[in-house]
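Overview (structure and organization)
Chain by chain, the residues run as shown.
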Amino acid sequence: MTNVNTHDTNGKNILIVGSGGREHALAWKINQSSLCRKLYVAPGNAGTGEWNIPIKANDIQSLVHFAKTERIDLTIVGPEEPLSLGIVNAFQAEGLRIFGPSQAAAFLESSKAFAKEIMDAAKVPTAAYQTFVDKKMAEQYIRDIGAPIVIKADGLAAGKGVIVAATLDEALDGLDTIMGGAFGSAGEKVVVEEFLEGPEVSLLCFCDGDRALPMTPVQDHKRALDGDQGLNTGGMGTYSPPPFWTKDLEAEVIRTIAQPTLDVMRERGTPFTGILFLGLMITVKGPKLLEYNVRFGDPETQVVMTLLKSDLIPIFEACIDGRLENIGIEWLDGTAVCVVMAAPGYPGEYTKGIVIKLPETKDSQVIFHAGTKMDQGELVSSGGRVLGVTARGESIVAARKEAYALVEKIVFPNAHYRTDIGIKGLAE
Ligand code: AMP
Ligand code: GLY
């Protein structure tokens, strides 16, 4: 796909914080903007190599120092951890412009119990639930309600703190795991929740504190294996948009979920600016919210950036300045599919240092890097999720064909990937 940058000398110096596929996709898009003068990614991966600086995403002090000395005009934060550590507050305290929620607003993701409290206050449709710090009481509640039931560690647990239990035994084992210290302090509090059914959609919204502007909706594939089997992962692939999505459904989600959330956050003195990522389940009783994330999704961003026609920079600026109402976003026609290629063993123990060879890509294809690095002139794997092989096509069928044709051409011995990304969109 086109990768042109006129690099306007009057443009902005931009810093992206993070090192995953999401950050490569953001960098790929921003690099195409005529409003970008110089781009940096901290610390980045092999895909963002030309822009990388060796500062870790959680090293907030060093990032502030870098932004000051290099005259960074705009910083964009990818992962949740620096946000929950207060990177936005630290930058703002130094007069630096940064896109993302404050530490207090980021609490929507860092505490599931807080998220539920806000959902209640905003009357957002969600699963019925109870929060517990006492294991005995949690156990009694689980026995009273029975299976299927869902048990969630309160704190950040790298996407692994949620147990969807089909049986009472699974539920009680899950409670033992979470409250037994497997997630450290993240498991001191649990949320026990009603089991919901329906297709899941990730709706990412640009937010300026007052209003939410939704992006193209995405379906993620969280389980490791085809047919949604196997362990939960960070996400094995995505496609956008799902065929069942309608403008009416989008309007309902904004009216019943996004807007009331922003209103409550603003009324509490912690307005939400940044990306509000709604993890939705479309039930027979309408859209319900499973969770908030306070950042771009990974691998959602790979398909969203592939379909985004508008320049990203003016949208970020409008969010920071509270003038999103003047912004319209344009999307390319068609569908995008992203197939994640992971290291053998992922999401369990996995091998690192596998040598990878990448083919040429067509205009409709792009390979986003995640866990990759250069080692003595060779591209090697350095993480669990390694590549996000992405393609755009007129239909799901066409985009899948282009994405999987590219997967076949990549030399990555024993790579693990799903063969059914986007299939759920065909079945609907
Ligand atoms: P979360 O980390 O909250 O997104 O949960 C991870 C996954 O667990 C979700 O993507 C859903 O597939 C599933 N899940 C979470 N909450 C529920 C629920 N109340 N009912 C059914 N499945 C759920
Ligand atoms: N793909 C799900 C997430 O980014 O949380």
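Here, the structure is the one placed above.
Owing to the predicted nature of the structure, the values given are computational and were not obtained by experimental measurement.

Looking only at helices and strands, the chain features 13 helices and 21 strands. Here the C-alpha atoms of the chain give a radius of gyration of 21 Å, agreeing with the 22 Å that 2.2 N^0.38 yields for 428 residues. In terms of its C-alpha atoms, the chain occupies a principal-axis envelope of roughly 65 × 50 × 40 Å. Long-range contacts, defined here as pairs at least 24 residues apart, represent 69% of the contacts in the chain between residues at least 6 apart. For the chain, the accessible area works out to roughly 17,800 Å², and carbon and sulfur atoms hold 48% of it. Across the chain, 41 positive and 54 negative side-chain charges occur, with their mean positions spaced 2 Å apart.

With the rule as written, the count across this model stands at 0 disulfides. Here Cys-205 stays free of any disulfide, with the sulfur of Cys-207 as its closest cysteine sulfur at 5.6 Å.

Another point: a nonpolar patch on the surface. Taken together, Val-397, Ile-423 and Leu-426 make up a surface patch of nonpolar side chains, about 240 Å² in accessible area. Looking at the element boundaries, Val-397 is found in helix α12 (residues 396-409).

Moving on, we get to the site of ligand 2. Close to ligand 2 lie Asp-220, Gly-234, Phe-277, Asn-293, Arg-295, Gly-297, Asp-298, Pro-299 and Glu-300, which account for all nearby residues. A distance of 3.3 Å is found between a nitrogen atom of ligand 2 and a backbone nitrogen or oxygen belonging to Gly-234. Between Glu-300 and ligand 2, the recorded distance is 2.8 Å, taken from a side-chain N or O atom to a nitrogen atom. Starting from 200 Å² of accessible surface for ligand 2 in isolation, the protein chains cover 87%. Tallied by class, the residues present in the shell around ligand 2 amount to 2 nonpolar, 3 polar and 4 charged.

About the cut-offs
Residues numbered from 1 in each chain as written. Chains lettered and ligands numbered in written order. Predicted model: local features only at pLDDT ≥ 70, side-chain atom pairs only at ≥ 80, totals over all residues. Heavy atoms only, no water. Helix = DSSP H or I, 4+ residues; strand = E, 2+ residues; numbered from the N terminus. Rg over C-alpha atoms; globule rule 2.2 N^0.38 Å. Contact = heavy atoms within 4.5 Å. Areas by Shrake-Rupley, 256 points an atom, 1.4 Å probe, with all protein chains shown as cover. Lys, Arg positive; Asp, Glu negative; His and termini not counted. Charge placed at Lys NZ, Arg CZ, Asp CG, Glu CD. Disulfide = S-S within 2.5 Å. Patch = residues over 30% accessible without salt bridge, like charges linked within 9 Å, V, L, I, M, F, W, Y side chains within 5 Å. Salt bridge = Lys/Arg side-chain N within 4 Å of Asp/Glu carboxyl O. Near = heavy atom within 4 Å. Polar contact = N/O pair within 3.5 Å; in protein donor to acceptor, adjacent residues only side chain to side chain. Nonpolar A, V, L, I, M, F, W, Y, C, P; charged D, E, K, R; others polar.

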